[in-house]
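Listed here are the chains, written in short residue letters.
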Amino acid sequence: MSSTVSWLNGRPQHITEICAKLREAVEERENFFRFDPEKCAASDPLDLPHAPFNTSPANPALQAGSLWKFTSSLSNRLRALARFAFAPEKLGVFSSFNPAAGRAGFERSYLSLEECDTIFTSLQVDPADFRMRPPFQITDMKFFNACARLLNDYILYPQPTRFSGSPGAVFGKDFEMEYQDLQSGGSRSGTYLNDGIISIRSSAGSVRNLTGDTPAEWIADDLRINETGLYFYYDPDRASGAEATPLYGEFQFQLNVEWIFNIDGVTQEREFDSRIYHLSPGSTAPLQIPALWQNRISQVRSGSTEYSRMAVRMYISANSFSIKLTPANYPELPYKYLN
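The present account deals with the structure reproduced in this document. Since we're looking at a predicted model, the values are computed, not measured.

**Focus: the overall build of the chain**
Moving on, step 1. When you go through the chain residue by residue, the secondary structure sums to eight helices and eleven strands.
Moving on, step 2. Taking all 339 residues of the chain together, 47% fall into the buried category.
Moving on, step 3. Intrachain contacts of the chain at a sequence separation of at least 6 include 68% that bridge at least 24 residues.
Moving on, step 4. Counting only carbon and sulfur atoms, one obtains 47% of the accessible surface of the chain, whose full area is about 15600 Å².

**Examining the environment of Asp47**
Moving on, step 1. With respect to the helices, strands and loops of the structure, Asp47 is situated in the loop between α2 (37-43) and α3 (67-83).
Moving on, step 2. In this structure Asp47 comes out as partly exposed when scored by relative accessible area, which is 40%.
Moving on, step 3. Counting along the chain gives 26 residues from Asp47 to Ser73, while the straight-line C-alpha distance between them is 9.1 Å.

**Some words on unusual backbone geometry**
Moving on, step 1. Positive phi outside glycine occurs at Arg34, with the angle close to 65°.
Moving on, step 2. Here Arg34 shows up in the loop between α1 (15-32) and α2.
Moving on, step 3. According to the relative accessible area criterion, Arg34 is partly exposed, its value standing at 40%.
Moving on, step 4. Positioned with a positive phi, Asp221 is a non-glycine residue whose angle comes to about 55°.
Moving on, step 5. Assignment of secondary structure puts Asp221 in the loop between β5 (216-219) and β6 (223-234).
Moving on, step 6. Its relative accessible area of 60% is what places Asp221 among the exposed residues.

**Description of the packing of aromatic side chains**
Aromatic rings in a pair are described by how distant their centres are and how their planes are angled relative to each other.
Moving on, step 1. Evaluated as defined, the whole model comprises 23 aromatic pairs.
Moving on, step 2. Ring geometry for Trp259 against Trp293: centres 5.8 Å apart, planes inclined by 20°, an arrangement best described as stacked. Of this pair, Trp259 sits in strand β7 (residues 251-263) while Trp293 sits in helix α8 (residues 291-302), and the two are 34 residues apart along the sequence.
Moving on, step 3. For Trp259, a relative accessible area of 0% puts it in the buried group.
Moving on, step 4. What makes Trp293 buried here is its relative accessible area of 0%.
Moving on, step 5. Among the aromatic residues, those joined into a ring-pair cluster are Phe163, Phe171, Phe232, Tyr234, Phe251, Phe253, Tyr277 and Phe321.
Moving on, step 6. Note that Arg29 overlies the ring of Tyr335, its terminal NZ or CZ placed 4.0 Å from the centroid.
Moving on, step 7. Over the face of the ring belonging to Tyr192 we find Lys173, whose NZ or CZ atom lies 5.8 Å from the ring centre.

**Remarks on α8**
Moving on, step 1. Between its first and last C-alpha atoms α8 spans 17 Å; for twelve residues at 1.5 Å apiece the expected length is 16 Å, and the two agree.
Moving on, step 2. Trp293, Ile297 and Val300 are the residues of α8 that are buried. Considered in projection along α8, the buried side chains sweep an arc of 65° and stay on one side of the axis. When the buried face of α8 is taken as reference, the exposed residues oriented beyond 90 degrees from it are Ala291, Asn295 and Ser302.
Moving on, step 3. Elements that come into contact with the buried residues of α8 comprise β5, β7, β8 (266-279) and β10 (309-315).

**Examining α1**
Moving on, step 1. In a regular helix each residue adds 1.5 Å, so 18 residues correspond to 26 Å; α1 covers 26 Å between its end C-alpha atoms and thus fits that length.
Moving on, step 2. Looking at α1, one finds that the buried residues are Ile15, Ile18, Cys19, Ala20, Lys21, Leu22, Ala25, Val26, Glu28, Arg29, Glu30 and Phe32.
Moving on, step 3. On its buried face, α1 is in contact with α2, α3 and α6 (142-153).
Moving on, step 4. Remark: Arg34 follows α1 within two positions and exhibits a positive phi of approximately 65°.

**Comments concerning the nonpolar core**
Moving on, step 1. If you look at the biggest cluster of nonpolar residues, it comprises 89 residues, and the most contacted ones within it are Leu22, Phe144 and Phe253.
Moving on, step 2. Dropping the residues within four chain positions of it, Leu22 is found in contact with Trp7, Leu8, Leu74, Phe144, Cys147, Ala148 and Leu151.

**Regarding the pattern of salt bridges**
Moving on, step 1. By the definition in use, this model includes twelve salt bridges.
Moving on, step 2. For the salt bridge of Glu114 with Arg131, the shortest nitrogen-to-oxygen distance reads 3.3 Å. Residue Glu114 is found in helix α4 (residues 113-122), and its partner Arg131 is found in the loop between α5 (127-130) and α6; the two are separated by 17 residues along the sequence.

**What to know about the pairing of strand β3 (residues 198-201)**
Moving on, step 1. Because side chains alternate across β3, one face comprises the buried residues Ile198 and Ile200, and the other comprises Ser199 and Arg201, none of which is buried.
Moving on, step 2. Counted along the chain from β3 to the antiparallel partner strand β4 (residues 207-210), the turn is five residues long, and its residue Gly205 has a positive phi close to 105°.

**Some remarks on the side chain of Arg208**
Moving on, step 1. Of note, Arg208 is situated in strand β4.
Moving on, step 2. With relative accessibility at 19%, the residue Arg208 sits in the buried group.
Moving on, step 3. Here the side chain of Arg208 touches Glu217 through a polar contact of 2.7 Å, side chain to side chain.
Moving on, step 4. Once residues within four sequence positions are removed from consideration, Arg208 is found in contact with Ile198, Ser199, Ile200, Glu217, Ile219, Leu223, Ile225, Arg309 and Arg313.

**Comments concerning the side chain of Asp181**
Moving on, step 1. Looking at where Asp181 falls in the secondary structure, it is placed in strand β1 (residues 171-181).
Moving on, step 2. Within the buried set, Asp181 has no salt-bridge partner at all; the shortest N-O distance to an opposite charge, 9.9 Å, is to Arg201.
Moving on, step 3. Among the polar contacts made by the side chain of Asp181, one reaches the main-chain amide nitrogen of Ser184 at a distance of 3.1 Å.

What counts and how
Numbering of residues starts from 1 in each chain and follows the order in which that chain's sequence is written. The predicted origin of the model limits local features to residues at a pLDDT of at least 70 and limits the giving and counting of side-chain atom pairs to 80 or more, whereas totals for whole chains, interfaces and linings rest on all residues. The side-chain numbers reported here are obtained from all heavy atoms of the structure, hydrogens and water having been left aside. Here a helix means four or more residues in a row that DSSP labels H or I, a strand means two or more in a row labelled E, and each is numbered from the N terminus. Only protein chains enter the calculation, and the probe is 1.4 Å; a residue is then buried if its accessible area is under 20% of its type maximum, exposed if over 50%, and partly exposed in between. Note on contacts: a residue pair is in contact if any heavy atoms of the two residues lie within 4.5 Å. Computed with the Shrake-Rupley method and a 1.4 Å probe, the accessible areas treat only the protein chains shown as cover for residues. Between rings of Phe, Tyr and Trp, where Trp is taken as its six-membered ring, a pair exists when centres lie within 6.5 Å; planes separated by under 30 degrees are stacked, by over 60 edge-to-face, and by other angles tilted. Charge-over-ring contacts are defined here by two conditions on Lys NZ or Arg CZ: a distance within 6 Å of the ring centre and an angle within 35 degrees of the ring normal. To estimate how far a helix should reach, multiply one less than its number of residues by 1.5 Å. The directions from the helix axis to the C-beta atoms form the arc being described. Here, nonpolar core means buried Ala, Val, Leu, Ile, Met, Phe, Trp, Tyr and Cys residues that are tied together by side-chain atoms lying within 4.5 Å of each other. Each salt bridge in this description consists of a side-chain nitrogen of Lys or Arg and a carboxyl oxygen of Asp or Glu lying within 4 Å of one another. Only strands joined by at least two bridges in the DSSP assignment are considered to pair. Residues adjacent in sequence count toward polar contacts only when both atoms are side-chain atoms; beyond that, a polar contact is any pair of N or O atoms within 3.5 Å, and within protein one must be able to donate a hydrogen and the other to accept it. Charge counting follows a simple rule: Lys and Arg are positive, Asp and Glu are negative, and His as well as the terminal groups are ignored.

As structure tokens, then:
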């Protein structure tokens with residue numbers, strides 16, 4: 001049998017008092033996670049149950065305030081929060097971002113019960129307590145205790161905003177880009193944050209989208225591409241709409257980059273490079289380019305009388321990042337319901 005937390009203790013308690021505490025605990029965490037309260041309430045309302053306490057979903061006279069409806073909505077809202085929680089065991093170590101990242105519609109994006117089973121097992125709670133089926137045995141408190149443990153011990157810190165390759169991201173990249181048309185002599189330049197993706201077509205017909213993944217490319221009598229000064233930034237002021245809770249202070253992230261050197265359409269060299277960067281809000285972390293690839297980039301920019309085309313490319317994806325956070329990177333937890 002799972003043990004409860006202190007804020008749910010105290011006997012005797014009426015069932016509506018227990019439900020009221022759990023509802024408040026859920027709502028204070030949703031607020032800290034920056035969930036939309038109207039969407040949460042509309043999709044899974046937590047109307048307090050009232051007598052008679054209907055515990056059967058099959059009852060055709062299902063009341064809006066039934067116990068079954070309350071516990072079903074409570075389970076859904078807890079699973080939505082858990083999906084966007086940064087697991088406490090990830091603090092202080094390099095960890096992947098939550099694979100559930102993506103904010104659109106997040107209030108209706110739930111962990112599966114099987115995924116919840118894993119969490120409850122790590123909390124030393126019998127997963128069956130959370131999977132309790134009607135008719136509920138009100139007096140044993142298993143389901144409600146499991147909910148309280150999930151809130152108290154796991155749903156604490158929201159996942160950070162993930163790295164994005166899109167211009168204007170909260171955690172993203174910037175760089176200078178320049179394209180030269182070797183036939184017409186025309187050129188175009190800009191920065192990623194200010195100008196976004198630059199799409200170009202050379203006089204000879206080559207088409208490119210400059211997105212930061214091609215530090216250098218050269219095609220004889222056609223074009224030359226230079227992308228320089230790539231760096232990473234974290235700027236929570238860029239957030240718009242519903243975003244993750246902003247981070248504070250310095251944090252570290254580990255970046256894996258795949259470098260490729262290509263001559264005449266054939267890959268000549270391929271290398272994976274992994275480095276740790278330090279970043280804080282308002283600061284930048286320049287991309288560290290290995291010496292070999294600095295030389296290759298210079299070689300490509302110079303062109304060649306021996307080859308018809310050369311390029312250095314690099315691949316960075318959201319899965320290329322892991323992050324190390326501590327409680328100091330978050331605002332102080334504002335929870336009333338926390339041991």
